[in-house]
Structure formats: C-alpha cells, structure tokens
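Summary of structural features
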Amino acid sequence: MITKRLTLDSPEQALELLGEQDAVLRQMESDFGVEMFLNQDVQSNELRLSIKGSAPRVEKALRRIRDRLTLLRRRAAGEKSPADAINLNAPTLPEDGIYRSAFGKIIRARTPNQHAYVEAILRNDLVFGIGPAGTGKTFLAVACALRALESRKVSRVILSRPVVEAGEKLGFLPGDLLEKMNPYLKPLYDAFFTLLGPERFRNWRDTEVIEIVPLAYMRGRTFEDAFIVLDEAQNTTAEQMKMFLTRMGNGSKIVVTGDVTQSDISTSVPSGLVRVADILKGVDGVEFHRLTEEDVVRHPLVKRIIRAYGQWEHKK
C-alpha cells in the first residue's frame, strides 16, 4: 500500500475536480479501487488530496487526476482551448446542411421527420429524440453539437451513456472501469471519427473540448456552455434521468436519445426515458420528437427487420 498526495489551488478547484459533496471523488474511489480524501494543512492552509492503495491503482488514479488538474489550471489561466483554432473562414454550409465533415461531406437530414428533429434541436434547450435503431438520432445530435461548438454557441461537447453492463459483463474485461468502458463507448467514437477525423477527435478528446463520460461520472457535476448528449437513454432509471437532466448549467443545451423498445434494464424497473415523457409533458422549452422506421437510413434491410419485429411483438 502506498499514499500519494496532490496540492489543490483553491476550494473552487476542489469542487470542480471532486464534484458536489465529493460525488466524483467517491466514484473514482470505486472505479480505481483506492481510498481518496481531502484535507487542509493547519499551518499552510493548503488543500491536499491523498490517494491510498496498491501502487498500480494509485498511479492510474493519479494520472487521471493530474490530467484533469492541468486542464482546470489552463482554463483558470485563460488559455485558449483547441476549439479556438477552428477555421471560421470555411465555406458556408448550404441551406439544408447541418455540418461539414473533416472529409468535406455535407451532413444533412435525409427525411422530413429527421429535418423536423434537427429543427427541434436548434430551437430548444432540451430535446428528446426517440426512435428505433438506424434513424440517425445520435449521429444528427452529434452533428448539431459540433455545429454549435464551431459557431461558438458552446465551449465544449459532453456525451454520456448509462452502463447497464457495469456488473457481470464488464467484469470479464481487463483493466479499470474506464478501460472496460472503451468498447462500450465505441459507437460514440465512431460518430466523431466520421465527422472530425481521428486526429482532430483525439486532440479535442484529450483536452476535454469533447468529453465522453459514463453516466455515473455525471453526478456532482454542472456543465455550463456545453452541448450535452445522453445516448441509449432507455437504459436509465427514473432517478438517473433526473440526475442527468439537473447537470444542465447556464448556456447549455441537452439532447437525449433512445429507443424505448430496446431497454436492457430489468423489466421491474421503469425506464427513465419512458417516465420522463409524462413528467415533462407540456414543460416550456422541452420537446419530444419521435422518429419511426420510415426514418431508418442504414441498410434497407434494417427497416424491414424493425417492421418484422414490430409485427411479431404486436401478435405476441
């Protein structure tokens, strides 16, 4: 067992790093298998974060915390983020264009219902995109997020997913929770690779202009001036959905996507995505948009598969 210590600059920095009521600290303790505690030196008044555990686990936790501290200190010093290097002289998008990818492709809504979904995202601060696989729910939300980032409407993009496999299935994979999560978050990475290209995406991810976060890490944080996307929201509980939605800070926008027919949580637990439709019905600034099999833009067979499953479930 070893103990390593880090000095924090201020109580405000500690709050941003460790979350409200140390919620993020407790999550990191669980994920890295270490003990963490914050105390103040009585003589110097310095805030010190101690990390105790086996050497490999402490080193992993220490690397993550040091990386996060570096970014917080850069922001506090007023350093520009990589997003400030965006070329604002790029060619103007056509009227129906949402985003121009790193490879020059214009991203557009491909069905009238997709177009209405994009319009809902542009005019509201909270939008729920609900529909079957292949309808572009997440991809279009990511394109809108990058459009907002490059037009300076937000300063960063946050993406999250619930992890229903955090028990048995992920337990067989090597590494700590963040390493186990990488395959699960791969669909989000794929969308950014397509839109940004691998080099730019890795640069923005490493500097947290784009942050991809397991849902558990959202607790205790507040995101201001951010475009936040929650994917696979059918796998949230009602409590998790409430926690996620209340992370929204000033100047932020949220898009929640999911397919209520593909929930992986226990049937005895109501899906947060299903319940929120009743809770927030009629709330000003919130819009629910439903996509259907007619909006599927993957292989033509996907549309027929979705229709066949719908017919089978109806008969059953």
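In this report, the structure presented in the accompanying data block is examined. (Residues numbered from 1 in each chain as written. Predicted model: local features only at pLDDT ≥ 70, side-chain atom pairs only at ≥ 80, totals over all residues. Heavy atoms only, no water.)

**Brief notes about the overall build of the protein**
- Along the backbone of the protein there are eleven helices and eleven strands.
- Within the protein, counting contacts between residues at least 6 apart in sequence, those at least 24 apart form 73% of the total.
- Accessible surface for the protein amounts to roughly 16,900 Å². Of this, 50% is attributable to carbon and sulfur atoms. (Helix = DSSP H or I, 4+ residues; strand = E, 2+ residues; numbered from the N terminus. Contact = heavy atoms within 4.5 Å. Areas by Shrake-Rupley, 256 points an atom, 1.4 Å probe, with all protein chains shown as cover.)

**Quick notes on the pattern of salt bridges**
- According to the stated counting rule, one finds twelve salt bridges in the structure shown.
- Taking the shortest distance from any N to any O, the salt bridge between Arg 200 and Glu 150 comes out at 3.5 Å. Taken as a pair, Arg 200 in helix 8 (residues 198-206) and Glu 150 in helix 5 (residues 137-150) lie far apart in primary sequence, 50 residues in all.
- Owing to a relative accessible area of 19%, Glu 150 belongs among the buried residues under this scheme.
- In this structure, Arg 221 and Glu 211 form a salt bridge, with 2.8 Å as the shortest nitrogen-oxygen distance. (Salt bridge = Lys/Arg side-chain N within 4 Å of Asp/Glu carboxyl O. Buried < 20%, exposed > 50% of the residue type's maximum accessible area, 1.4 Å probe, protein only.)

**What about the pairing of strand 3 (residues 47-53)?**
- Burial runs high along strand 3: five of the seven residues are buried.
- As judged from the six bridges shared by strand 2 (residues 35-40) and strand 3, these two strands associate in the antiparallel manner. The residue of strand 3 that forms the bridge with Glu 35 is Lys 52.
- As consecutive antiparallel partners, strand 2 and strand 3 are separated by six residues, and within that stretch Asn 45 has a phi angle of approximately 65 degrees, a positive value. (Pairing = 2+ DSSP bridges.)

**Points about helix 2 (residues 23-32)**
- Counting buried positions along helix 2 gives eight out of ten residues, so the element sits mostly inside the fold.
- Here helix 2 has its buried residues at Ala 23, Val 24, Leu 25, Gln 27, Met 28, Glu 29, Asp 31 and Phe 32.
- Immediately downstream of helix 2, the backbone of Gly 33 shows phi near 70 degrees, a positive value.

**Some thoughts on the nonpolar core**
- Among the nonpolar cores identified, the biggest contains 43 residues, and Ile 65, Phe 128, Met 218, Met 241, Phe 244, Leu 245 and Val 256 are the most heavily contacted of them.
- With near-sequence residues (within four places) excluded, Ile 65 lies in contact with Leu 6, Leu 17, Met 28, Met 36, Leu 49 and Ile 51.
- If you look at the next biggest cluster of nonpolar residues, it comprises 36 residues, including Tyr 117, Ala 120, Phe 192 and Val 255. (Core = buried A, V, L, I, M, F, W, Y, C linked by side-chain atoms within 4.5 Å.)

**Considerations on the environment of Pro 94**
- Here Pro 94 lies in the loop between helix 3 (55-76) and strand 4 (97-100).
- Those residues in contact with Pro 94 that sit more than four places away from it in its chain are Ile 106 and Arg 108.

**With respect to the environment of Ala 23**
- Its place among the elements puts Ala 23 in helix 2.
- With residues near it in sequence (within four places) discarded, Ala 23 still touches Leu 18, Arg 219 and Gly 220.

**A short note on the sheet that holds strand 1 (residues 2-8)**
- Strand order in the open sheet made by the three strands is 1-3-2, with antiparallel pairing throughout. Strands at the two margins of the open sheet, each flanked by one partner only, are strand 1 and strand 2. When the angles between neighbouring strand axes are averaged without regard to direction, this sheet yields 20 degrees.
- In terms of strand pairing, strand 1 meets strand 3 through seven bridges, oriented antiparallel. When the sheet's bridge partners are listed, Leu 6 is paired in strand 3 with Leu 49. (Axes fitted to C-alpha atoms, helices over the stretch in contact; angles between N-to-C directions.)

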